[in-house]
Number of protein chains: 2
Amino acid sequence: MTIDRKRQIIEAAAQSFSQFGYKATTMEQIAKLANVGKGTIYTFFKNKEDLLDEIISSLIVEIKESAKQAMDPHLPFSENVHRALYRILEFRQQHQLTAKLLQEVRSIGTSAVQEVLKKLDRAIIDFIREKIDIAIRKGEIRPCDSEITAFLMLKAYIALIVDWEKDHEPLSKEKIAELFELYFLKGLSN
Amino acid sequence: MTIDRKRQIIEAAAQSFSQFGYKATTMEQIAKLANVGKGTIYTFFKNKEDLLDEIISSLIVEIKESAKQAMDPHLPFSENVHRALYRILEFRQQHQLTAKLLQEVRSIGTSAVQEVLKKLDRAIIDFIREKIDIAIRKGEIRPCDSEITAFLMLKAYIALIVDWEKDHEPLSKEKIAELFELYFLKGLSN
DNA sequence: AAATGACCGAATGGACAAAATGGTCATTTG
DNA sequence: CAAATGACCATTTTGTCCATTCGGTCATTT
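Residues numbered from 1 in each chain as written. Chains lettered and ligands numbered in written order. Predicted model: local features only at pLDDT ≥ 70, side-chain atom pairs only at ≥ 80, totals over all residues. Heavy atoms only, no water.

1. Details of the protein's contact with DNA strand D
We apply this condition: One heavy atom within 4 Å of a molecule or strand is enough for the residue carrying it to be called near that molecule or strand. By the criterion applied in these results, polar contacts are pairs of N or O atoms within 3.5 Å in which, for protein atoms, one can donate a hydrogen and the other can accept it, and in which residues neighboring in sequence qualify only through two side-chain atoms. Going along the chain from the N terminus, every DSSP run of H or I of four or more residues is numbered as a helix, and every run of E of two or more is numbered as a strand.
In the vicinity of DNA strand D there are 13 residues, among which Met27, Lys38 and Lys48 of chain A together with Arg5 and Thr40 of chain B approach most closely. When the atoms of DNA strand D within 4 Å of the protein are grouped by moiety, sugar and phosphate amount to 62% of the total. A distance of 3.2 Å is found between a phosphate oxygen of DNA strand D and a backbone nitrogen or oxygen belonging to threonine 25 of chain A. At 2.9 Å from a phosphate oxygen of DNA strand D is found a side-chain nitrogen or oxygen belonging to arginine 5 of chain B. Every element with two or more residues in the surface near DNA strand D is listed here: α3 (38–44) of chain A together with α3 (38–44) of chain B. Considering each element in turn, the surface near DNA strand D owes the most residues, three residues, to α3 of chain B.

Rendered as C-alpha cells:
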C-alpha cells in the first residue's frame, strides 16, 4: 500500500501545533511538512479544528494509559488517586503539545483550543470519577457525589501544583500526597 | 470647612470604575464627576493606580466587616468558615466594583487591576487563616499548615461557586456547606 | 477515485495619522 | 501663600487603509 497520508498529516500537525501553537500553524505548513497537497488534508478532516480535536482525542487515550500505569491495585484509594492525578498533571505540564495549548489559551484564548482543553478536563474528571465509584463500591470511602468529588480533587490538585507556586515555594510531591490524604481522606476534625 | 474633595474624588472614581471599568475610566472623567480640576486628583493620589488601590483597601475593610457579621462565635468552626467564605464570595460577585474588575481582568487583563485583585485575595486568605489558627489553638481542628489550608479552602469555594456552574446546575448554599463539612472536616475515609 | 494546488472571500496585521490619556507645572484663586 | 486648576506635553491608544495571508473549495490532474 501507499504511504499512510492520514498518519503523516496527524504527525505533522501535532508537531507543528506543539512547536508554534494552534493559531500560528497554517494548513499549508502542515501540508508541506506532511508532504501532501493542502486539499488532501480536507479529505481526512473536516477543518483545522477537527484536526486538532482528533489529535487531542488520541492524547487522551495516552494520558489515561499513563495514569493507569502509575496506579497499583494493591495500594489504598488515596495513594492511587494521588498518583493518578499527579501523573496526569505532570503529563499535561510536560507534554509539549498540551503545554503549548495551555499557554496559548491563556495568552490569546483561541476558542477552538479552549474547547479542546475542556474536553481534556472532562476526560480527566471522568477517569477519576470512575476510580471514586469503585472505591465507594468497595467500601474504601464513604458514599459521596463522585462527580463533585472528582471535580474538586482536580481543582485542588491544579491549585496546589500550579497556582500555589505563583506566590510560594513549590510543594513537593510527597507534601501534596500528605495534604491530599489530610484534606480528602482524614479530614481536619479532631 | 470646604467640601471634602478627597472623598468626592474617591466616590466619583469608585462609581466610574464600577460602571465602565478601570481602563475605560479617564482621569478627566473622574475629575468632572467629582467637580474638581484634574490636577487636584494628583494632590491626593500619586496616580490612577494609587487611586484604585485606595478604593480597594477600604473595600477590603468592608468585606472583612461583612464576613465577621456573618459569623457567630457559638457555632462550630466549619459552619463559621463556610459562612465567612460564602459571604465573601457573594460580596465579591454582587458588588458592582469587584464584579466589573473581575470581568475586566479576564477580558483585558489590565495589570494594575490584576495587582489589586491579588491584594484582595491575599486579604481573604489572611482572614481565613486567622480563623484557622484560632480553631487549632482551641483544639477544634487538628494542627495543620494554616496558610495552605486557607488557600485551598478559598480555591475550593471558588471552584464550587464559580467554576462548577460553567458545566452544571448551581449548588445551593446548603449543599456547599455540606460538601465543605464532608471534605475538609470529616474526610472521606470510612 | 484519490490527490492536488490555483483560486476566493474573509481575516490579519503592518504603517501611519489622528485622537485621547495620564501626568506635570506655571498660573490663578481665595 | 497654600491649594486648586486646566493648558500643555509625551506617550498610548484608536482608527484606517491596504497588502498579505489564511482556511477552505473545486476544477483539473494523476
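What follows continues from the structure just given.
2. A look at the packing of aromatic side chains
The test is simple: The rule is short: rings of Phe, Tyr and Trp, with Trp giving its six-membered ring, pair when the centres are within 6.5 Å, and they are stacked under 30 degrees, edge-to-face over 60, tilted in between. Three labels apply to residues, based on accessible area from a 1.4 Å probe with only protein chains included: buried if under 20% of the type maximum, exposed if over 50%, partly exposed otherwise in between.
For the structure shown, the criterion picks out 10 aromatic pairs over all chains. Measuring from centroid to centroid gives 5.2 Å for phenylalanine 180 of chain B and phenylalanine 184 of chain B, while their planes differ by 40°, and the two rings are tilted. Separated by four residues within a single helix, phenylalanine 180 of chain B and phenylalanine 184 of chain B lie in helix α9 (residues 173–186), roughly one turn from each other. Residues phenylalanine 180 of chain B and phenylalanine 184 of chain B agree in their burial class; the two are buried. Through a chain of ring-to-ring contacts, the aromatic side chains of Tyr157, Phe180 and Phe184 of chain A together with Tyr183 of chain B assemble into a single cluster.

3. Focus on the domain arrangement of chain A
Residue and element names in this part refer to chain A. Threshold: Domain extents, as shown, originate in an automatic or database domain assignment. For any pair of parts, buried area is found by adding up, for both, the accessible area (1.4 Å probe) each one loses once the two are put together. For this analysis, a salt bridge means a side-chain nitrogen from Lys or Arg found within 4 Å of a carboxyl oxygen belonging to Asp or Glu. Each residue gets one label: Ala, Val, Leu, Ile, Met, Phe, Trp, Tyr, Cys and Pro are nonpolar, Asp, Glu, Lys and Arg are charged, and the others, such as Gly, are polar.
Structurally, chain A comprises domain 1 (1–45) and domain 2 (48–186). In total, domain 1 and domain 2 occlude about 1500 Å² of area from one another, counting both sides; carbon and sulfur atoms represent 70% of this. It is Ser18, Tyr22 and Phe45 in domain 1 that bury the most area against domain 2; as a group they hold 46% of the surface buried on that side. For the interface between domain 1 and domain 2, the tally reads one salt bridge. Among the salt bridges present, the one from lysine 6 reaches glutamate 54, with a minimum N-O distance of 3.0 Å. Listing elements by their share of the side of domain 1 that touches domain 2, those giving two or more residues are α1 (5–20) and α2 (27–34). At nine residues, α1 tops the list of elements feeding residues into the side of domain 1 that touches domain 2. Of the residues belonging to the side of domain 1 that touches domain 2, the class tally is 11 nonpolar, four polar and two charged.

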